[in-house]
Amino acid sequence: MSHPGVEATDRKILALLAHDGRMSFTDLGKATGLSTSAVHQRVKRLEQRDLIQGYGATINHAEIGVPLAAFISIRPIDPSQPDDCAARLEHIEEIESCWSVAGEESYVLLVRCTSPAALEDLLARVRAAANVSTRTTIVLTTYYENRPVAGPVADPEA
């Protein structure tokens, strides 16, 4: 089912940019049947509507010295305290992503470290900064990551 307010052409542009964020307006125009200026206007509108929140590069973390990836699930030690874990952890640069989740834990963090010893140090800092208990899963192999998922390109019922 299509999301209200996002027409098929905009969905196609989103899917194309999710696959290749550096795709030129000319190439987007060829792929959608629009003029370069029309595509440019649509992309700017998609950015203004916050449907496109940014553009990024896929980094080879091992090559930049942080080969160890882990997921840290955290749970407050005292649930009666304010839920400000995300803000309390924001300054820790090894945390790549922080998601609020449903389930036994309150948040899941994706972290990048140089070594198991660095992960051990990071866990101590996370526990101290946010007053939480942790459960950690170390990534052994990444088969795929950051796949472009932009939703359906067109409504099949249209």
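In this text the structure is predicted, and so the values were computed from the model without any measurement.

Asker: Can you break down the packing of helix α1 (residues 8-19) against helix α3 (residues 36-48) residue by residue, with the values?
Answerer: Across the interface, α1 lies against α3 with an axial gap of 11 Å and an inter-helix angle of 85°. With respect to α3, the element α1 is oriented roughly perpendicular. On the side of α1, the interface is formed by Thr9, Asp10, Ile13, Leu14 and Leu17, while α3 contributes Arg42, Val43 and Leu46. Residues of the contact of α1 with α3, tallied by class, amount to five nonpolar, one polar and two charged.

Asker: Give me the lowdown on the packing of aromatic side chains, citing residues and values where you can.
Answerer: Here the structure, examined in full by the defined rule, presents zero aromatic pairs. Seen from the ring of Tyr144, Arg147 lies directly overhead, with NZ or CZ sitting 4.3 Å from the centre.

Asker: Can you break down the sheet that holds strand β2 (residues 95-100) residue by residue, with the values?
Answerer: Spatially, β2-β3-β1-β4 is the arrangement adopted by the four strands of the open sheet, whose pairing is antiparallel. Looking along the sheet, the strands with just one partner apiece sit at the ends: β2 and β4 (132-138). Between one strand axis and the next, the sheet turns through 20° on average, direction left out of account. Against the sheet, helix α5 (residues 116-130) engages β1 (68-76), β2, β3 (107-113) and β4, with an angle of about 155° to β4.

About the thresholds
Residues numbered from 1 in each chain as written. Predicted model: local features only at pLDDT ≥ 70, side-chain atom pairs only at ≥ 80, totals over all residues. Heavy atoms only, no water. Axes fitted to C-alpha atoms, helices over the stretch in contact; angles between N-to-C directions. Helix = DSSP H or I, 4+ residues; strand = E, 2+ residues; numbered from the N terminus. Parallel < 35°, antiparallel > 145°, perpendicular 65-115°, else oblique. Contact = heavy atoms within 4.5 Å. Nonpolar A, V, L, I, M, F, W, Y, C, P; charged D, E, K, R; others polar. Phe/Tyr/Trp six-rings, centres within 6.5 Å; stacked < 30°, edge-to-face > 60°. Lys NZ or Arg CZ within 6 Å of the ring centre and 35° of its normal. Pairing = 2+ DSSP bridges.

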